[in-house]
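Fold and geometry: a report
As a plain string of letters, each chain reads:
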Amino acid sequence: MTALLTFIAISCSTETAPPVQPDVFVAGQLDDQAVVWVNGEAVSLETATGTAISEAIGMYYYEGNLFIVGNEQNASGALTSVYSTYDGTDDSVRDVLTGVNNTITSGLDGIEGTLYISGMDNYDYLADTSNAVYWIVNAVSNQQKETLDQGFSLTKDIVLDAGKAPQIL
Amino acid sequence: MDTYTGLTLYDSMDIEVDENGNLNLLGTLSGDIMLWKEENVRYDDTDPFEKITIHDGTFPDMGESLTFNAQGNAVIAGEVWIDSEPVTKYWVYDGDTTETVELGEGFAIDVRFGENGDMYIAGFTYDWEACYWTVDSQDTETQQILDTRESPDSGANSILVR
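Residues numbered from 1 in each chain as written. Chains lettered and ligands numbered in written order. Predicted model: local features only at pLDDT ≥ 70, side-chain atom pairs only at ≥ 80, totals over all residues.

**A word on the overall build of chain A**
Stated formally: The helix count covers DSSP runs of H or I at least four residues long, the strand count covers runs of E at least two residues long, and both are numbered beginning at the N terminus. Throughout, a residue-residue contact means that the two C-beta atoms, derived from backbone geometry, are no farther apart than 7 Å.
Broken down by element type, chain A carries one helix and 13 strands. The secondary structure elements of chain A, listed N-terminal to C-terminal, are α-β-β-β-β-β-β-β-β-β-β-β-β-β. Contacts spanning at least 24 positions in sequence make up 35% of the contacts within chain A whose residues lie at least 6 apart.

**A word on the overall build of chain B**
Put simply, the test is: To sort residues by exposure, count the other C-beta atoms lying within 10 Å of each residue's C-beta; 20 or more gives buried, 12 or fewer gives exposed, and values between give partly exposed, all with C-beta atoms placed from the backbone.
Secondary structure summary: chain B contains zero helices and 13 strands in total. For chain B, with 162 residues in total, the buried portion stands at 41%.

**Observations concerning the sheet that holds strand β5 (residues 62–68) of chain B**
All names here are of chain B. Formally: A pair of strands is labelled paired if DSSP reports no fewer than 2 bridges between them. Convention adopted: a line fitted to C-alpha atoms gives each axis, helices being fitted over their contacting stretch, and angles between N-to-C directions are expressed from 0 to 180 degrees.
One open sheet accounts for four strands, arranged β5-β6-β7-β8; its pairing is antiparallel. Edge strands, defined here as strands with exactly one partner in the open sheet, are β5 and β8 (98–105). Mean inter-strand twist for the sheet, computed between neighbouring axes without regard to direction, equals 25 degrees. Judged from the six bridges that link them, β5 and strand β6 (residues 74–82) form a sheet pairing that is antiparallel. Each residue of the ladder has a partner; that of F68, found in β6, is A74.

**Some remarks on the sheet that holds strand β10 (residues 119–124) of chain B**
Residues and elements named next belong to chain B. Overall, antiparallel pairing links the four strands, which are arranged β9-β10-β11-β12 in an open sheet. Either end of the sheet is taken by a strand with one partner, and the two such strands are β9 (107–113) and β12 (141–145). Averaged over all adjacent pairs, the angle separating strand axes in this sheet is 20 degrees, with direction ignored. Pairing of β10 with strand β11 (residues 130–135), which is carried by six bridges, proceeds in the antiparallel orientation. Considered in β11, the bridge of A122 is made with Y132.

**Considerations on the interface of chain B and chain A**
Our working rule: Amino acids are sorted into nonpolar (Ala, Val, Leu, Ile, Met, Phe, Trp, Tyr, Cys and Pro), charged (Asp, Glu, Lys and Arg) and polar (every other residue, Gly among them).
Opposite the 30 residues of chain B that make contact, chain A presents 25 residues. Its residues assigned to classes, the side of chain B that touches chain A shows 14 nonpolar, 10 polar and six charged. Bridge analysis of strand β1 (residues 24–30) of chain A against strand β13 (residues 155–161) of chain B gives six bridges, and the strand direction is antiparallel. Of the residues in β13(B), the one forming a bridge with V24(A) is V161(B).

**Some details on the pairing of β12(B)**
All names here are of chain B. In this sheet, β12 lies alongside β11 in antiparallel orientation, the contact comprising five bridges. Considered in β12, the bridge of T134 is made with T142. Between β11 and the antiparallel strand that follows it, β12, lie five residues; D139 among them carries a positive phi value of about 65 degrees.

**Considerations on the nonpolar core**
It is characteristic of soluble globular proteins that their nonpolar side chains tend to be buried jointly. Operational definition: By convention in this section, buried Ala, Val, Leu, Ile, Met, Phe, Trp, Tyr and Cys residues joined through C-beta atoms within 7 Å make up a nonpolar core.
By size, the foremost hydrophobic cluster in this structure holds 74 residues, and its most contacted members are V26(A), V36(A), I68(A), I117(A), I76(B) and I121(B). Ignoring sequence-local partners within four residues, the contact set of I117(A) consists of V69(A), Y83(A), L97(A), T105(A), L108(A), Y134(A), W135(A), V137(A) and I158(A).

Shown next as structure tokens:
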């Protein structure tokens, strides 16, 4: 009996546990609404009333929260930069990134819960002009905007070199 | 960084910092997919960047997203046009040579690695289906379609795995 139990114990200890499948989050848009697919299932993100076009363009994960930045365009054509916080259980929470006139986001990175978001404001479609900016949003949703350049300037993405200043493309 | 004029397309697509602290910029120049690399970038550097051609192509071939694998090699996802159709590819640059892998029809938008070492590429098919590809450590490729309605108003822009 003891030998049998020993055999069972050894057999159990040598079994390989199945690999844990990670959660896969994909941000984008679904019929003009910002969406995040969580393991293939679409989760709509809260949008402003009157939103005509909405898209999610970047994500950052920190301590159980998924932060998503995106853009909205209302029926009159005004562009608004937004970010949403999604904790996986409740509805997402939407906040507006403030700027001059039309604002657009282009990228997102984060460190210890602080968001760094690249984008543009004062975008003029007819003149094709905008200001290159980035926003810093801290863990309690206080935000500040830094203007990099004005006139014919835009950003594409932002990345943080750990412990150093943000690098903006 | 070099400056070009009179070309059909010159665009910057992605920015990443590698494990050595180098700043890496991914761009596209008339279908050539380019990587610019530099350590300790300063505003007053006149010609700071090392320039690497990842793909010698033609417009509108495009490198869309840049990341780094566990070995520290640059991995670039994008698409090239073959017989008037987009083909999703990724390139692995080890500092000397570039390996090219074809995933199939479609556009790549964002590439990242999971902690499990698998690579994930978000994008969409030529029929406007949002999707993502997974490439595991054995180089086995799978594709998951997220939206089958073939709507140009839908698409995948970013992927995150954890």
